[in-house]
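Inside the fold
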Amino acid sequence: NLKMFEEMKLGLHGEGTMTLRLKMDFESANPNMYDLVAYRIRYTPHPHAGKGWCIYPNYDFTHGICDSLERVDYSICTLEFETRREPYYWILWALD
């Protein structure tokens, strides 16, 4: 819901009370594909934006995006991230 996301960005909700989640694949055998958290509210000053920013992206959401922007064409992850590969590629696919 874009209205609620805008409210999150404006700081109208308490820390930890809301997240932005992605509707992915509820039929997948991989639980990381159900509804990944993309953003969360944290009232911690941002290194560049200061106190003017209160939503932060989750690692699983940004990993593939950063790799794409940096033109990484092959990402190597250790075994503890193996179940995170499917959402990584789903996000890349969804963003085309």
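Before reading further, recall that the structure is shown in the block above.
For the structure given in this document, a descriptive report is provided here. (Residues numbered from 1 in each chain as written. Predicted model: local features only at pLDDT ≥ 70, side-chain atom pairs only at ≥ 80, totals over all residues. Heavy atoms only, no water.)

Structurally, the position occupied by Ser28 is in the loop between strand 1 (19–21) and strand 2 (37–41). With a relative accessible area of 10%, Ser28 lands in the buried category. A polar atom in the side chain of Ser28 sits 3.0 Å from the backbone nitrogen of Asn30. Non-local contacts of Ser28, meaning those with residues more than four positions away in its chain, are made with Met33, Tyr34 and Glu86. (Helix = DSSP H or I, 4+ residues; strand = E, 2+ residues; numbered from the N terminus. Buried < 20%, exposed > 50% of the residue type's maximum accessible area, 1.4 Å probe, protein only. Polar contact = N/O pair within 3.5 Å; in protein donor to acceptor, adjacent residues only side chain to side chain. Contact = heavy atoms within 4.5 Å.)

With that settled, consider empty space enclosed by the protein. Counted under the stated rule, the structure contains one cavity of 30 Å³ or more. Lining the largest cavity, in full, are Tyr59, Asp60, His63, Cys77, Phe81, Arg84, Arg85 and Tyr88. Of all elements in the fold, only helix 2 (59–69) and helix 3 (85–95) reach the threshold of two or more residues within the lining of the largest cavity. No other element matches the three residues that helix 2 contributes to the lining of the largest cavity. Residue classes in the lining of the largest cavity are distributed as four nonpolar, one polar and three charged. (1 Å grid on protein atoms, 1.4 Å probe; cavity = no way out; pocket = protein on both sides within 12 Å on 5 of 7 lines; lining within 4 Å. Points joined across faces, edges and corners; volume = space filled by probe spheres on them. Nonpolar A, V, L, I, M, F, W, Y, C, P; charged D, E, K, R; others polar.)

Next up on the list: the environment of Ser68. Within the secondary structure layout, Ser68 lies in helix 2. Taking relative accessible area as the criterion, Ser68 reaches 45% and is therefore assigned partly exposed. Each C-alpha atom, one on Ser68 and one on Leu92, is 7.8 Å from the other, the two residues being 24 residues apart in sequence.

By the burial criterion, the buried members of helix 3 are Arg85, Pro87, Tyr88 and Ile91. Taken together, the buried residues of helix 3 touch helix 2. Following helix 3 by one or two positions, Asp96 has its phi on the positive side, about 60°.

The next point concerns the packing of aromatic side chains. Both the distance between ring centres and the angle between the ring planes are used here to describe each pair of aromatic rings. Within the structure shown, the criterion is met by six aromatic pairs. Centroid distance Tyr59 to Phe81: 6.1 Å. Interplanar angle 50°. Geometry classified as tilted. Here Tyr59, found in helix 2, pairs with Phe81, found in the loop between helix 2 and helix 3; they are 22 residues apart in sequence, far enough to count as distant. Taking the relative accessible area as the measure of exposure, Phe81 reaches 30% and is therefore partly exposed. Ring pairs connect the aromatic residues Phe5, Tyr39 and Phe61, which therefore count as one cluster. It is Arg85 that lies over the ring of Tyr88; its NZ or CZ is 4.3 Å from the centre. (Phe/Tyr/Trp six-rings, centres within 6.5 Å; stacked < 30°, edge-to-face > 60°. Lys NZ or Arg CZ within 6 Å of the ring centre and 35° of its normal.)

Read these as geometric descriptors, not functional statements.
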